[in-house]
Amino acid sequence: MARQGAGAMLASGGLGFPPQNLARVVVWEWLNEHGRWRPYSAAVCHHIENVLKEDARGSVVLGQVDVQLAPYIIDLQSMHQFRQDTGTMRPVRRNFYDPSSAPGKGIVWEWENDNSSWTPYDMDICITIQNAYEKQHPWLDLSSLGFCYLIYFSSMSQMNRQTQRKRRLRRRMDLAYPLTMGSIPKSQSWPVGTSTGTPCSCPQCLLVNSTRAASNAILASQRRKLYPGAVRQSSTFAGAALWPAGTGTVAVAGGTAKGEGLRVPSGAFAPNQSVPGTAPLPGLNNLNRPGTQRGGGLSTRATVPPGVPALPVKNLNGTGPVHPALAGMTGILMCAAGLPVCLTRAPKPILHPPPISKSDIKPVPGVNGICRKTKKKHLKKSKAPEDVVRRYIQKVKNPPDEDCTICMERLVTSSGYEGVLSQRSIKPDLVGKLGKCGHMYHLLCLLAMYNNGNKDGSLQCPTCKAIYGEKTGTQPPGKMEFHLIPHSLPGYTDSKTIRIVYDIPTGIQGPEHPNPGKKFTARGFPRHCYLPDNEKGRKVLKLLIVAWDRRLIFTIGTSNTTGESDTVVWNEIHHKTEFGSNLTGHGYPDPNYLDNVLAELLAQGVSEATLKD
């Protein structure tokens, strides 16, 4: 329906928080890699709140309420989300909103992504959209919130102001977020006191409970050894230390490692004595703070007190000596003991070189041109498929009594494709031997294999992968640029760098693709890749140009990273996409990369011999 009134321009400023004596809607959020707080669903937030009421220092197993979140656990003490299979940890927060706002009413605003599924907006944006919707504004400008989008309520669409691209959006009703009033229950020690119900027996809870029990046993043993005359107390501390002064690095997983990761206190205070001149440990109190105060708490937690020894659980990105899952679980256990934890932040990959002026970009010596373009494949009127097969084989009059590895029938019998292919010119019992490698197959089987491929006039032996003819691929149309930049790669400090830029737009799949006529996506383009400017690097570039012209660099398939189908993916020729680091394995230094990529190119039929032709 048409909506009356003027459009809405947002005034800058954050969301306010109601006084402590008013009811508040609670929304739990996690921080993504782009620095944005993403809300959990209402059902998950209700689950977290229920666990919080029972044990404000415990752990929340998210898989109990959402099977898609099965690997995740939230540690309420450290306010971090922990992924059990990878060890990844992300900050979480507990945010408050007015009960009359969108989360209090169970209203969710979502936009349609490229996979035709729906993604919820950040909570502050959702609330802003709902406010404008209720006031019957015809449109809404989100630029003051840092997003260059316009929302049109009449067409229920979102438009990018820069690209003019439009996406659908929708408003749906869901479970209302939990309502809270008053203070949060006080923290309880691990383990929680007398149970009022049957404990959960799912594998995740068994894991959490077993680690809790082990943690308490170890902590109790340490306290008895260090303070034999002390009165027994709770394992909830307010700055108390478990290790006396002078304690060095604590061994984990059988050894020590250099670098800092998790830090533990080393003061010599008695169990009942708090650290003089310091604030209580951030934890429970951090749950109830508005955004600005919570930020201060986070910075306090990140401050490492002087003299704190390093625990050798570094590099939660998996490059250290300890498995990242063990590192993350160690952090959770230490938080459970009331110990301040300082997690080493994973370094970010350096994907691109410093800014370069156009005058500094030069052609690559010994390489013609700076750009290659490919267009849609034009089907050539080549020879008949049986003529292509006959071109590369020699007939075998007396074949050996062994299997044809295509149809798995014996070579001395008829092909398994008899009756499937009706080729009058090829008898089903004819056997041929490939000229270079000597492997033998039924001619009818080779014909079936060729018809199921790219039909480009080439054959590839299914046993040894030897290529007969010129192999081409199914790479969509696009552009390849290459030039020299005045910066060096790690490990090649004496050389400049060759930069390759691939750009492929989205399009429609052709007859050679998995789903002809269906749209394919092209994520992450333009893609920047790097080679050292030396003799071998220039050779690799020349061969990559040949592979590009033969449409072998990319193909259309299913992404191993995202699982998305009908998208442009790499085609078994590895590229280096990190310029100044090697955190993902796609960067430098890598002394074997140039030799490895030459071998991959050779496997595609692109060799140095092609440069001499």
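The preceding data block contains the structure.
Everything numeric here is computed off the predicted structure, so don't read it as measured data. (Residues numbered from 1 in each chain as written. Predicted model: local features only at pLDDT ≥ 70, side-chain atom pairs only at ≥ 80, totals over all residues. Heavy atoms only, no water.)

Of all nine residues making up helix 8 (residues 443-451), seven are buried, and the element is well covered by its neighbours. Regarding helix 8, the residues found buried are Leu 443, Leu 444, Cys 445, Leu 446, Leu 447, Ala 448 and Tyr 450. Where the residues of helix 8 are buried, they touch helix 7 (385-392), strand 18 (393-396), strand 19 (431-434), strand 20 (440-442) and strand 21 (459-460). (Buried < 20%, exposed > 50% of the residue type's maximum accessible area, 1.4 Å probe, protein only. Helix = DSSP H or I, 4+ residues; strand = E, 2+ residues; numbered from the N terminus. Contact = heavy atoms within 4.5 Å.)

What follows is about the sheet that holds strand 27 (residues 527-532). A sheet is described by the order of its strands in space; here four strands give the open sequence 17-23-24-27, paired in antiparallel fashion. Edge positions in the sheet fall to strand 17 (371-374) and strand 27, since each of these pairs with one other strand and no more. Strand-to-strand twist across the sheet, computed as the mean angle between neighbouring axes with direction ignored, equals 15°. Relative to strand 23 (residues 478-485), strand 17 is paired through four bridges, and the arrangement is antiparallel. Its bridge partner lying in strand 23, Lys 373 is registered against Lys 479. Packed onto the sheet, helix 9 (residues 535-549) meets strand 17, strand 23, strand 24 (497-503) and strand 27 and runs at close to 170° relative to strand 23. (Pairing = 2+ DSSP bridges. Axes fitted to C-alpha atoms, helices over the stretch in contact; angles between N-to-C directions.)

The subject of this paragraph is the sheet that holds strand 18. Within the open sheet, the three strands sit side by side as 18-19-20. Their pairing is antiparallel. The open sheet has two edge strands with one neighbour each: strand 18 and strand 20. On average, adjacent strands in this sheet sit at an angle of 40° to one another, irrespective of strand direction. Pairing of strand 19 with strand 20, which is carried by three bridges, proceeds in the antiparallel orientation. The residue of strand 20 that forms the bridge with Lys 433 is Met 440. Strand contacts of helix 7: strand 18 and strand 19, with the helix running at about 80° to strand 18, the strand carrying the most contacts. Along the sheet, helix 8 makes contact with strand 18, strand 19 and strand 20, crossing strand 20 at roughly 85°.

With that settled, the discussion passes to the pairing of strand 19. Taken together, the four bridges between strand 18 and strand 19 define a ladder with antiparallel strand orientation. Counterpart to Val 396 in the pairing with strand 19 is Val 431. Where strand 19 hands over to strand 20, the hairpin turn is made up of five residues, of which Gly 438 adopts a positive phi near 85°.

On to the environment of Ser 495. Structurally, Ser 495 can be placed in the loop between strand 23 and strand 24. The exposure class of Ser 495 is buried, given its relative accessible area of 15%. The spacing of Ser 495 and Pro 532 is 37 residues in sequence and 6.3 Å in space, taken between C-alpha atoms. When residues no more than four places from it in sequence are discounted, the contact partners of Ser 495 are His 487, Ser 488, Asp 533 and Asn 534.

So, about the pairing of strand 8 (residues 107-112). Of all six residues in strand 8, five are buried; the element is thus mostly enclosed. Looking at chain direction, strand 8 and strand 13 (residues 166-173) are connected through five bridges and run antiparallel. The residue of strand 13 that forms the bridge with Trp 109 is Arg 171. As paired elements, strand 8 and strand 9 (residues 118-120) share three bridges and run antiparallel to each other.

So, on to the nonpolar core. Met 480, Ile 500, Tyr 502, Leu 531, Leu 541 and Leu 544 are the most contacted members of the largest nonpolar core, which has 40 residues in total. Only strand 23, strand 24, strand 27, helix 9, strand 28 (554-557) and helix 10 (593-603) provide two or more residues apiece to this core. At eight residues, helix 9 tops the list of elements feeding residues into this core. Counting residues in hydrophobic clusters, the runner-up holds 38 residues, among them Ile 48, Val 60, Trp 109 and Phe 153. (Core = buried A, V, L, I, M, F, W, Y, C linked by side-chain atoms within 4.5 Å.)

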